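The residues making up each chain are set out below.
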Amino acid sequence: MQSGLRVIEMGERDDDGVPLSAEASMELIERERRSVGRRLAVNQAPIFAVWGVTFLIGWGACYLAAPGGPRVLAVAAAVPIVVVLYAVAIAVPIVLGARAAKGVRGPSRLSGAMYGWAWALGFLALFAINTGLIRQGLAPATITMLWTGTAQLVTGLMYLAGGMLWRDRVHYALGVWMLVVAAGSVFAGMPGDFLVLALAGGGGFLLWSGLSLVTGGRR
Amino acid sequence: MSDEAIPDLDPVIHAQARLRVTVALAALPDGDRITFPRLQSLLAMTAGNLSTHLRKLEDAGYVDVTKAYRRRTPVTYVALTETGRRAFTDYQAAVRALLDHPGLPEREEK
């Protein structure tokens, strides 16, 4: 190979006094790579799972409480369920991301921070636009469909961005599915839009959580 | 066994502790650096042990150690250099060659 490198005999003792054969070396590389990779990257499976449960139960509760729906749940009961579930679902990726990125600086940290802020900025703009539209006067059914449709649109686009950022097809495909759910929710009308989000949205997240588990999806 | 030689295995990397450090640093995305305490916790090594091995990697030009100040507290950042990355790639190729051809004839030292 390169000149100037010392030829060392198999089984020669290293600084730790532990002989390292080629097999042991290869095993060590594989083991360390897996263990370090697991801790430096964010495992997507629990994040998608939390969002799946949030959509299934949260939007499911909205459907059960919505006017025109089964009305087996009071609106006053559905709203806090959604708020609490959303708070948890937003916190989980932030905590996992911060833990993985701890002590790491550089380009990946910058793109990660930009990605995180894109979520916040996207939803802030969405909130401003929707509030402005509602002030112009919208029918109550249109208002809920506006929220579910646009929130889902931003979510879908963010997953497309995540797919681009981490060159991750699984992530990107989830974005495509969320865009389909966004359009589907509006066409389902009120209160069917809640059911589309709960089942197709929540089910999609759970399916992708399983996919990430199988493919080892990390970012 | 004794008359069987192996391809050149870079002695700077071919030591359990330094190999672990190298793998961990190579796992960072390109251009990223990691703080000494985080690297220490990733590898579960003592500070003294890690410093010793980092110094050997640094002396070989494989690792870049920089100090920065964050809120007046010094923070040590560690990263693999381009040379280090290449050396690790060569090392892995050498190990693989060794596993594929266990009976390689002895090489002459240049």
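Residues numbered from 1 in each chain as written. Chains lettered and ligands numbered in written order. Predicted model: local features only at pLDDT ≥ 70, side-chain atom pairs only at ≥ 80, totals over all residues. Heavy atoms only, no water.

### Here we look at a positive patch on the surface
Argument step 1. Side chains of A:Arg31, A:Arg34, A:Arg38 and A:Arg39 sit close together on the surface and give a patch of like positive charge.
Argument step 2. For A:Arg31, a relative accessible area of 43% gives the class partly exposed. (Patch = residues over 30% accessible without salt bridge, like charges linked within 9 Å, V, L, I, M, F, W, Y side chains within 5 Å. Areas by Shrake-Rupley, 256 points an atom, 1.4 Å probe, with all protein chains shown as cover. Salt bridge = Lys/Arg side-chain N within 4 Å of Asp/Glu carboxyl O. Lys, Arg positive; Asp, Glu negative; His and termini not counted. Charge placed at Lys NZ, Arg CZ, Asp CG, Glu CD. Buried < 20%, exposed > 50% of the residue type's maximum accessible area, 1.4 Å probe, protein only.)

### Concerning the pairing of strand S2 (residues 63-70) of chain B
Note on strand geometry: in a regular strand, side chains alternate between the two faces of the sheet.
Residues and elements named next belong to chain B.
Argument step 1. Two elements, S2 and strand S3 (residues 73-80), share eight bridges in a ladder whose sense is antiparallel. Counted as the bridge partner of tyrosine 69 is proline 74 from S3.
Argument step 2. Joining the antiparallel neighbours S2 and S3 is a turn of two residues, in which arginine 71 adopts a positive phi near 50°. (Pairing = 2+ DSSP bridges. Helix = DSSP H or I, 4+ residues; strand = E, 2+ residues; numbered from the N terminus.)

### Examining the pattern of salt bridges
Argument step 1. Counted under the stated rule, the structure contains four salt bridges over all chains.
Argument step 2. B:Arg20 is the salt-bridge partner of A:Glu32, the closest N and O atoms lying 2.8 Å from each other. Here A:Glu32, found in helix H1 (residues 22-40), pairs with B:Arg20, found in helix H1 (residues 16-26), and the two come from separate chains.
Argument step 3. Among the residues examined, A:Glu32 registers a relative accessible area of 7% and is labelled buried.

### Structural notes on the packing of aromatic side chains
Residues and elements named next belong to chain A.
Argument step 1. One pass over the full model with this rule turns up 16 aromatic pairs over all chains.
Argument step 2. Considering the side-chain rings of tryptophan 51 and phenylalanine 55, the 6.1 Å spacing of their centres and the 75° angle between planes classify their relative orientation as edge-to-face. Of this pair, tryptophan 51 and phenylalanine 55 both sit in helix H2 (residues 44-65), four residues apart, which is roughly one turn of that helix. Each member of the pair, tryptophan 51 together with phenylalanine 55, is buried. (Phe/Tyr/Trp six-rings, centres within 6.5 Å; stacked < 30°, edge-to-face > 60°.)

### Regarding the pairing of S3(B)
All names here are of chain B.
Argument step 1. By the criterion of burial, S3 is predominantly enclosed, with six of the eight residues buried.
Argument step 2. Two elements, strand S1 (residues 33-35) and S3, share two bridges in a ladder whose sense is antiparallel. Across the sheet, the residue bridging to isoleucine 34 is valine 78, located in S3.

### Thoughts on the confidence of the model for chain B
All names here are of chain B.
Argument step 1. Confidence in the prediction of chain B, expressed as mean pLDDT, is 87, and 85% of residues score 70 or more.
Argument step 2. With pLDDT under 50 throughout, residues 106-110 is counted as low confidence; its partners more than four residues away or in other chains account for 11 contacts.
Argument step 3. In the predicted assembly, ipTM is 0.82 and pTM is 0.81. (pLDDT = per-residue confidence, 0-100. Contact = heavy atoms within 4.5 Å.)

### Thoughts on the layout of surface pockets
Argument step 1. Here the second largest pocket is characterised by a volume of approximately 380 Å³.
Argument step 2. If you trace the second largest pocket, you find 20 residues lining it, with A:Arg99, A:Ala100, A:Lys102, A:Gly103 and B:Arg38 closest to the centre.
Argument step 3. Among the elements of the structure, H1 and helix H3 (75-101) of chain A together with helix H2 (36-43) and S3 of chain B are those that each provide at least two residues to the lining of the second largest pocket.
Argument step 4. Among the residues forming the lining of the second largest pocket, the class breakdown is seven nonpolar, four polar and nine charged. (1 Å grid on protein atoms, 1.4 Å probe; cavity = no way out; pocket = protein on both sides within 12 Å on 5 of 7 lines; lining within 4 Å. Points joined across faces, edges and corners; volume = space filled by probe spheres on them. Nonpolar A, V, L, I, M, F, W, Y, C, P; charged D, E, K, R; others polar.)

### Let's talk about the packing of helix H5 (residues 140-165) of chain A against helix H6 (residues 169-188) of chain A
Residue and element names in this part refer to chain A.
Argument step 1. In contact at an axis separation of 7 Å, H5 and H6 are set at 165° when each is read in the N-to-C sense. By the angle between their directions, the pair H5 and H6 is classed as roughly antiparallel. The element H5 and its partner H6 pack so that their crossing is left-handed. Packed against H5, whose contacting residues are Met145, Thr148, Gly149, Gln152, Leu153, Gly156, Leu157, Tyr159, Leu160, Gly162, Gly163 and Met164, the element H6 presents His171, Tyr172, Leu174, Gly175, Val176, Met178, Leu179, Val181, Ala182, Ser185 and Val186 at the interface.
Argument step 2. Looking at the contact of H5 with H6, its residues break down into 14 nonpolar, nine polar and no charged. (Axes fitted to C-alpha atoms, helices over the stretch in contact; angles between N-to-C directions. Parallel < 35°, antiparallel > 145°, perpendicular 65-115°, else oblique. Left-handed = near helix turned anticlockwise from the far one by under 90°.)

### Observations concerning the packing of H1(B) against helix H3 (residues 47-59) of chain B
Residue and element names in this part refer to chain B.
Argument step 1. The N-to-C vectors of H1 and H3 enclose an angle of 75°; their axes lie 10 Å apart at closest approach. Between H1 and H3, the interaxial angle falls into the category roughly perpendicular. From H1, Ala17, Arg18, Val21 and Thr22 reach across to H3, where they touch Leu50, His53, Leu54, Lys56 and Leu57.
Argument step 2. Taken together, the residues of the contact of H1 with H3 sort by class into five nonpolar, two polar and two charged.

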